[in-house]
Amino acid sequence: MKETKQQTEPIINLVNISKTFDDGAQILKDINMYIRRNEFLTLLGPSGCGKTTLLRIIGGFEEASSGEVLFEGSNIAKLPPYKRRINTVFQKYALFPHMTVGENIAFGLQIKKVDQKTIDEKVAQMLELVNLKGFQDRRIESLSGGQQQRIAIARAVVNEPEVLLLDEPLGALDLKLRKGMQMELKKIQQKLGITFIYVTHDQEEALTMSDTIAVMNEGRVQQIGTPVDIYNEPKNAFVADFIGESNILQATMIKDYLVSFHGVDFVCVDTGFGENVAVDVVIRPEDIRIVKEEEGMLKGTVESVTFKGVHYEMMVKSNNYTWAVHSTAMAPVGAKVGMVLTPEDIHIMKRG
Ligand SMILES: Nc1ncnc2c1ncn2[C@@H]1O[C@H](COP(=O)(O)OP(=O)(O)O)[C@@H](O)[C@H]1O
Ligand SMILES: [Mg+2]
């Protein structure tokens, strides 16, 4: 894709954002990050980690206790939501049930006193964008959940915001619809060429849709990066565990390029942790190779095997630790097997 200056400059900067509610609970702790123009950025984290609160601060529905929200470099902390060039799609679509689809989409334009001809054109354009051409006279309750969600998106983008905030917008849809809508939302974002800040607790959804993911936990950003970076180079055990099923072990970094766990020294690619330092080691299930017992760096016994279509998921007990292993080769329950780890697949993390 062609990189232009427009696409890479930050549109929103969050500077030292903290939020404490009246009950004294500190929900956001010194958040610092920026969102680039035209970026699809996802806030990903477990329920209760502060995603919605952060989104509401960006949208202007909530004020930060300290810190600044900059829009193109200017502090907008005191601007009410309707004065921001930002719009929001909530999980509950909040469509007006007594209005038609067309009236719902036109609502914001009508308030702005846009002339009827322009309104009609824009409504038609929006319906085309969300693949619901010809639906303007339908009633809201006659639509499926997925269709309602698309109308909510059409209503939010008709005012041409520069940034669209989406708070778990697919949360109410069943799995199959979700998958379809994920692709569609991504297409809509690319067609519109606007910035999306998307909230989800679903790591697969985040990995599929985002240009950039900010992983949050307990009010802090744990790591920001591309989906590939976050998946392959998680910065700490929380990110590793949240992003994918992982084996996380306590280990000792003996020196640069050498780490020890379960009584075995492994060559790795990491440096700079110091000597004889306690660390966490993360190893993805798909990075473990199952071999004959005598050829393994670690030896273990297969405790369970589940066929998953593309691969087998096995639990292998070794040194009182149960490893999750994903492999296209199957070893039966009870089999004694060896496991081989390559240096690149041993991820060392500071003990957190
Ligand atoms: N208005 C409020 N007053 C007090 N606590 C709140 C308020 N809004 C949210 N919280 C608390 O802040 C925490 C984070 O909530 P939220 O931002 O909704 O998380 P998420 O969207 O990641 O699930 C939760 O513990 C929630 O109970
Ligand atoms: Mg939420």
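Conventions adopted
- Residues numbered from 1 in each chain as written.
- Chains lettered and ligands numbered in written order.
- Predicted model: local features only at pLDDT ≥ 70, side-chain atom pairs only at ≥ 80, totals over all residues.
- Heavy atoms only, no water.
- Domains from an automatic or database assignment.
- Buried area = accessible area lost by both parts, 1.4 Å probe.
- Pairing = 2+ DSSP bridges.
- Helix = DSSP H or I, 4+ residues; strand = E, 2+ residues; numbered from the N terminus.
- Axes fitted to C-alpha atoms, helices over the stretch in contact; angles between N-to-C directions.
- pLDDT = per-residue confidence, 0-100.
- Contact = heavy atoms within 4.5 Å.
- Core = buried A, V, L, I, M, F, W, Y, C linked by side-chain atoms within 4.5 Å.
- Buried < 20%, exposed > 50% of the residue type's maximum accessible area, 1.4 Å probe, protein only.
- Parallel < 35°, antiparallel > 145°, perpendicular 65-115°, else oblique.
- Left-handed = near helix turned anticlockwise from the far one by under 90°.
- Salt bridge = Lys/Arg side-chain N within 4 Å of Asp/Glu carboxyl O.

Novice: Even after reading the chapter, I still don't get the domain arrangement of the protein chain, so can you show me in this structure?
Specialist: A common way to state how big an interface is: give the accessible area lost once the parts meet. Taken as a whole, the protein chain is organised into domain 1 (5-237) and domain 2 (245-350). Centre-to-centre separation of domain 1 and domain 2, based on C-alpha positions: 39 Å. Buried area between domain 1 and domain 2, summed over both chains or domains, comes out near 570 Å², and the portion from carbon and sulfur atoms is 53%. A per-residue breakdown of the area domain 1 buries against domain 2 is headed by Tyr231, Pro234 and Ala237, which together make up 73% of the total.

Novice: Could you clarify how one ought to interpret the pairing of strand 1 (residues 10-20) in this entry?
Specialist: In the case of a regular strand, side chains alternate between the two sheet surfaces. Relative to strand 2 (residues 26-36), strand 1 is paired through 7 bridges, and the arrangement is antiparallel. Across the sheet, residue Asn13 finds its bridge partner in strand 2, namely Tyr34. Connecting strand 1 to the next strand, strand 2, in antiparallel fashion are 5 residues, including Gly24 with a positive phi near 90°.

Novice: Any chance you could explain the sheet that holds strand 12 (residues 258-261) here in plain terms?
Specialist: The pairing of strands in a sheet comes from backbone hydrogen bonds and takes either a parallel or an antiparallel form. With antiparallel pairing, the 5 strands of this open sheet are ordered in space as 13-12-11-14-20. Since the sheet does not close on itself, it has two edges, and those belong to strand 13 (264-267) and strand 20 (347-350), each with one partner. For this sheet the average axis-to-axis angle between neighbouring strands, irrespective of direction, equals 45°. Pairing of strand 11 (residues 247-255) with strand 14 (residues 277-283), which is carried by 7 bridges, proceeds in the antiparallel orientation. Note that in strand 14 the partner of Ala251 across the bridge is Val279.

Novice: Which parts of the structure should I look at to understand the confidence of the model for the protein chain?
Specialist: Detailed reading of the predicted model is not advised wherever pLDDT is low. With 97% of its residues at a pLDDT of 70 or more, the protein chain has an overall mean of 92. Segment residues 1-6: pLDDT under 50, and 4 contacts once partners within four positions in sequence are set aside and those in other chains are kept.

Novice: Just checking my understanding: could you explain the nonpolar core for this structure?
Specialist: Nonpolar side chains tend to gather and get buried jointly when the protein is soluble and globular. In terms of nonpolar packing, the biggest core is built from 35 residues, with Val101, Ile105, Leu127, Ile151, Leu164 and Leu185 touching the most fellow members. If you list the elements that add at least two residues to this core, you get helix 3 (101-111), helix 4 (116-129), helix 5 (145-157), strand 7 (163-167), helix 6 (175-192) and strand 8 (195-200). The element best represented in this core is helix 5, accounting for 6 residues.

Novice: Could you clarify how one ought to interpret the packing of helix 3 against helix 4 in this entry?
Specialist: A pair of packed helices can be characterised by two numbers: the angle between their axes and the separation between those axes. In contact at an axis separation of 10 Å, helix 3 and helix 4 are set at 125° when each is read in the N-to-C sense. Taken together, the axis directions place helix 3 and helix 4 in an arrangement best described as oblique. The hand of the helix 3/helix 4 crossing is right-handed. Residues Val101, Gly102, Ile105, Ala106, Leu109 and Gln110 of helix 3 lie in contact with helix 4, whose contacting residues are Gln116, Ile119, Lys122, Val123, Met126 and Leu127.

Novice: Help me out: how do you make sense of the pattern of salt bridges in this one?
Specialist: Oppositely charged side chains may form a pair once their charged atoms are brought near each other. Counted under the stated rule, the structure contains 19 salt bridges. The partner of Glu162 in a salt bridge is Arg37, and the shortest N-O contact between them spans 3.3 Å. One end of the pair, Glu162, is in the loop between helix 5 and strand 7; the other, Arg37, is in the loop between strand 2 and strand 3 (40-44), with 125 residues separating them in the sequence. Judged by relative accessible area, which is 11%, Arg37 ranks as buried. When the shortest N-O distance is used, the salt bridge between Glu160 and Lys122 registers 2.6 Å. One end of the pair, Glu160, is in the loop between helix 5 and strand 7; the other, Lys122, is in helix 4, with 38 residues separating them in the sequence. One network of salt bridges, with partners in common, ties together Glu9, Arg37, Glu72, Arg85 and Glu162.

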